[in-house]
Amino acid sequence: MKIAVCYKLVPDEQDIVINGDHTISFDKAEWKIGQYDLVAVEAAMRLAEVAGGTVSALSAGGKQLENSKLKKNILSRGPVDAYMIIDETMSDADSYQTAYVLAKAIEKIKDVDLVVCGEGSSDMYAQQVGSQIGELLQWPSVNAIGTITLADGKLIAERMLETEVEVLEIPIPAVISVTSDIFQARIANLKDILEAGKKPVVRWDLDDIGGVPEMSTNVLSVLAPPQADRRRVIIGGDSGDQINEFYEHLRKEL
Amino acid sequence: MSRVKDVWVFTEKQESIAELCAGARQLGERVTVLAVGSRDRIERIIAFGADRVFYLGDTGADRTVEDYAFTLSKLIEEEAPDLFLFGATKRCRHMAGRLAARQRTSVLSDIMEFLTDKDEIQGTQMVYGGAAVRTLASKSATVFSVVGSGVFTSLPEDADREGDVRAVDFVEPAYRVRCMEKRERGGTSVDLTAAKRVIAVGRGIAKEEDLKMIEELARLIGAEIGCTRPISEGVNWMGRERYIGVSGVMFKPELYIAIGISGQIQHMVGCNQSGVIFAINTDTAAKIFSQSDYGIVGDLYTVVPVLLEKIRAAR
Amino acid sequence: MIIQKTEEQELLLENLQELMSRVCTEDYIRTCEKNHEQPHKLIEALVENGFYMLGLPEEYGGTPLDHLTYFMCVEEVHKIMPPFGWPRALSLNEMLRLGTEEQRKIVADLVKQGNMAFSFAITEPQAGSDDNAITTTATRKNGKVYINGQKTFITGANISPYMLVATKDPNSPDPRKSVSFWFVPADAPGVTIQTLPKIGWLMLPTCEVFLDNVEIEEKDIVGVEGEGFLQLMKCFEMERLTNCAVALGSAQAAFEDAARYANQRVQFGVPIGSFQLIQEKLTYMAIKIENMRNAFYKCAWEKDQGISIQLSSALAKLYCVQSGFEVADDAMQIMGGIGYTEDCRISRIWRDVRVLRMTDGTDQVMIHIAGRALLKKYR
Ligand SMILES: Cc1cc2nc3c(=O)[nH]c(=O)nc-3n(C[C@H](O)[C@H](O)[C@H](O)COP(=O)(O)OP(=O)(O)OC[C@H]3O[C@@H](n4cnc5c(N)ncnc54)[C@H](O)[C@@H]3O)c2cc1C
Ligand SMILES: Cc1cc2nc3c(=O)[nH]c(=O)nc-3n(C[C@H](O)[C@H](O)[C@H](O)COP(=O)(O)OP(=O)(O)OC[C@H]3O[C@@H](n4cnc5c(N)ncnc54)[C@H](O)[C@@H]3O)c2cc1C
């Protein structure tokens, strides 16, 4: 089975700087692989390990994708190779554009049986790309997959909905989005890391996959939310008197 | 004024139909609910505020909600609604994404507020784990949106309301996923957004059985219990409907008590509009303290039992 | 020498950090300490993810790597953990180099499963810094070898299946060629082990070992008879660097806690960090940490280049363990009373770093080694 797993590079939200005018800046941000995407990679790897097959990593984005440490990082998680569609327009792409480009790339890679996506990207978290790729490829797609196995050439998966679990039979080729706790992302060891540097990386630009549609949304603003003013009365310890002081504040609110 | 005429609503949960109908009425002129399931529901859907119901039919052994994507897609092509609202469930999200892709557009996800007084539909959403609020305008003919939970308040049910009902023909899906079995998932369907007082616990709770002490406290002060994501998705000590934050419940209770919670932004955006916030945490440097009204740097295993005693004594 | 970490080193350390943060919560550390037990969950995770066997040859299931990267990993682990029985790779390497095929296999199999395969039994009640004063003997009778004597301060003797016991031949004409090492099963008849309660290193027992007519075989000799210390010289250098790594990781953790606290703690209406006396402490702490890192990385790098570190490892050890303790001590001072409570990890770091000035050669012994070597250079 040939699996493609999609991942997105995102700025580390710890490094976001809020400017005086409430706009936010990522100038100082380190980029990382979205944490849910690492889980998706793990799910893809586990499936390939038991069902046989290979995993390719796939991403569309801006110049951060060129970062060689991030390339090694994704490849140290197990995929045999990586495909990247690099163009500055992709760093602000909306979900449809992203899904469109990834779907084209999947067609170009050829013979992909399964596309695995994470629950959502850890920056926008719209949780849409997997569902949209499926539709663009005209393949069945499902989200919220919490367990997955392969039997007789079909995927058997459990879908974790809010109040029920569905056991699904998914014909391949297909696109699935996995839950954030389907697996814990693996820890790469030294061998994985050293091998990662030797794995092939295929780089395409938008022309190679036939361009990208216009954005379907306009971003009007991205602003830090106003902070509620809090009293911040902090009691420095938990002696009897101090708990009492805390309780007195609480009592007034009950 | 708004150019929004036709607003469509699709959701699987009864409670959110009422909310979305109320929202749809607020945003547009005519409210159409796309209903799957038992026909008996239709009357109530109209009572909740729908002007029209497109009845798709019922699911069964050989037909899932997902299979209606093609039927819905065809309807969209034919009727071109201005705005299509979806509930904030996994199923709805997936449906919204698929339908939007078929119309070559994106979905406005988890919208907290809509602006329709411009000549376009705008929405705001949390991004970067709650560190920022983004305002977007959609450029597409039909705007697809997943509505954040609790954004709209349901209108009182009006049994006298009248509405059109149209049965829609099923379009055989070109590809589908077969559902072999369904089972209930543990967890009650508590609605935290309705609670006035909430006690939330985080990874500071060492063992599942220690939740008893928290339950007791909640009982005494009449509060609901919520948690951080790791408590629900990591160790599964509580259902998902109880975790608070950007990817969970967002609400504004009057009183919020955070116990053993570090105060990461992804969690805090769910509760930082609360009336008053209390925090118990052993770590002086925990982020929660700068976002609280009252905090105690202390061990919850010391503080909570004393609070229990005092509250009991005060009764 | 390149100061910047390579991408591979950064990735390795980030993965290790992730592993540590998944397993080693402050709560977990406290529980292990309270129960005086090794952190088995962590050890399992290190084994499972290929870190436990770092630095060991591939044929034994390990992953060889350069000394510098290896010690960076040791440092990373000890930013969070007190000593708990890992790493031992370098002393293991010596064992694998010197041991017989059978001994190597035993050791490698044990280590692969996360065990501390053997303890190092050199010190005796009358032979501490002066390790030549050991009196434990190995005598031959009827084709067997009998070990008699007492060892003390033996780290992990009660949790390791084997002991590497140093014995001395009192009749040897050349005292430099009188010490031998034996591979002794810790459960052999005649071995009695008692733990010594101590104020720190609570996850790692330190023991007294009594050896009464412990019968072993000729084949249990490790390496060449009489060449004991000479054979293990390199291993001692490596142990010094391990001490540096532990001191540095711990100091870094203490420094970070103290610096954060200085920003938070308000006294006389302002954060204590605004007092220059506190800033002075933080500044010197930062300088010491920087120097520790430089001295220690350089030493590890020299080792990779094949440069002798006989002198530099003594200098680095002395500097790192002293400065590490000074940093921990100042960190505690910045924390005030809280720093001395068990709630605050600085109190743990403080007591655990302190003993590095004793282990694997005291400060004075490092000076003894370095002093002579320095003088010799200018003779
Ligand atoms: C895209 C994205 C979305 C996310 N969405 C959410 C979300 O919706 N909701 C959410 O909650 N998280 C979310 N997270 C995770 C979030 O970043 C944090 O990891 C999480 O909120 C931390 O949970 P916590 O406070 O329980 O745990 P921790 O951060 O580990 O904090 C535990 C706290 O307990 C304290 N403590 C420990 N022992 C005691 C004791 N005995 N007494 C008192 N205090 C003690 C500690 O000092 C610490 O501050 C999301 C993350 C991402 C990347
Ligand atoms: C936690 C811990 C773990 C240990 N683990 C092991 C182990 O696994 N295996 C093992 O064999 N040993 C182990 N040891 C023993 C350790 O190596 C010795 O404690 C160390 O070598 C010092 O010996 P001593 O304690 O007998 O002190 P002494 O040698 O008696 O020294 C007492 C003081 O005199 C000073 N001194 C001694 N000689 C001189 C000199 N020539 N010039 C100036 N000052 C001098 C010392 O520096 C020290 O300050 C361990 C010790 C501890 C505390």
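Basis of the calculations
- Residues numbered from 1 in each chain as written.
- Chains lettered and ligands numbered in written order.
- Predicted model: local features only at pLDDT ≥ 70, side-chain atom pairs only at ≥ 80, totals over all residues.
- Heavy atoms only, no water.
- Near = heavy atom within 4 Å.
- Polar contact = N/O pair within 3.5 Å; in protein donor to acceptor, adjacent residues only side chain to side chain.
- Areas by Shrake-Rupley, 256 points an atom, 1.4 Å probe, with all protein chains shown as cover.
- Helix = DSSP H or I, 4+ residues; strand = E, 2+ residues; numbered from the N terminus.
- Nonpolar A, V, L, I, M, F, W, Y, C, P; charged D, E, K, R; others polar.
- Domains from an automatic or database assignment.
- Pairing = 2+ DSSP bridges.
- Axes fitted to C-alpha atoms, helices over the stretch in contact; angles between N-to-C directions.
- pLDDT = per-residue confidence, 0-100.

Trainee: Can you help me understand the site of ligand 1 in this one?
Mentor: Looking at ligand 1, there are 27 residues lining it, with R203, T228, S247, S262 and N281 of chain B nearest. Mapping the residues near ligand 1 onto chains gives chains A and B. S262 of chain B places a side-chain nitrogen or oxygen 2.5 Å from an oxygen atom of ligand 1. Note that an oxygen atom of ligand 1 is positioned 2.9 Å from one of the side-chain N or O atoms of Q266 of chain B. Burial of ligand 1 by the surrounding chains reaches 84%, relative to a free accessible area of 990 Å². Listing elements by their share of the shell around ligand 1, those giving two or more residues are α1 (35-51) of chain A together with α6 (229-234), α7 (265-268) and α8 (300-314) of chain B. A class-by-class count of the residues in the shell around ligand 1 yields eight nonpolar, 15 polar and four charged.

Trainee: Is there a simple way to think about the site of ligand 2 in this case?
Mentor: Residue and element names in this part refer to chain C. Around ligand 2, 15 residues are found, and the nearest of them are T123, S129, F153, T155 and Q364. In this structure, a nitrogen atom belonging to ligand 2 sits 2.7 Å away from a main-chain N or O atom of F120. One nitrogen or oxygen atom from the side chain of T362 is found 2.7 Å from an oxygen atom belonging to ligand 2. Summarising the interface, the protein chains cover 63% of the accessible area of ligand 2, which totals 970 Å² for the free molecule. With three residues, strand β3 (residues 144-155) is the largest single contributor of residues to the shell around ligand 2. The class makeup of the residues in the shell around ligand 2 is seven nonpolar, eight polar and no charged. When residues of the shell around ligand 2 are sorted by domain, at least three fall in each of domain 2 (118-222) and domain 3 (229-377).

Trainee: Would you explain the sheet that holds strand β4 (residues 83-86) of chain B in this entry?
Mentor: Within a beta sheet, neighbouring strands are joined by backbone hydrogen bonds and run either parallel or antiparallel to one another. Residues and elements named next belong to chain B. On the basis of which strands lie adjacent, the open sheet formed by seven strands has the order β5-β9-β4-β1-β2-β3-β10 and parallel pairing. Two strands bound the open sheet, and with one partner strand each, they are β5 (107-111) and β10 (164-167). Geometrically, the sheet is characterised by an average inter-axis angle of 20 degrees between neighbouring strands, direction not taken into account. Alignment of strand β2 (residues 30-36) against strand β3 (residues 52-57), held across five bridges, turns out to be parallel. Bridged to V33 within β3 is V53.

Trainee: Would you mind showing me how to read the confidence of the model for chain B here?
Mentor: Taken as a whole, chain B shows an average pLDDT of 92; of its residues, 98% reach a score of 70 or greater. The secondary structure element of chain B with the lowest average pLDDT is α6 of chain B, at 88, and the one with the highest is β4 of chain B, at 98.

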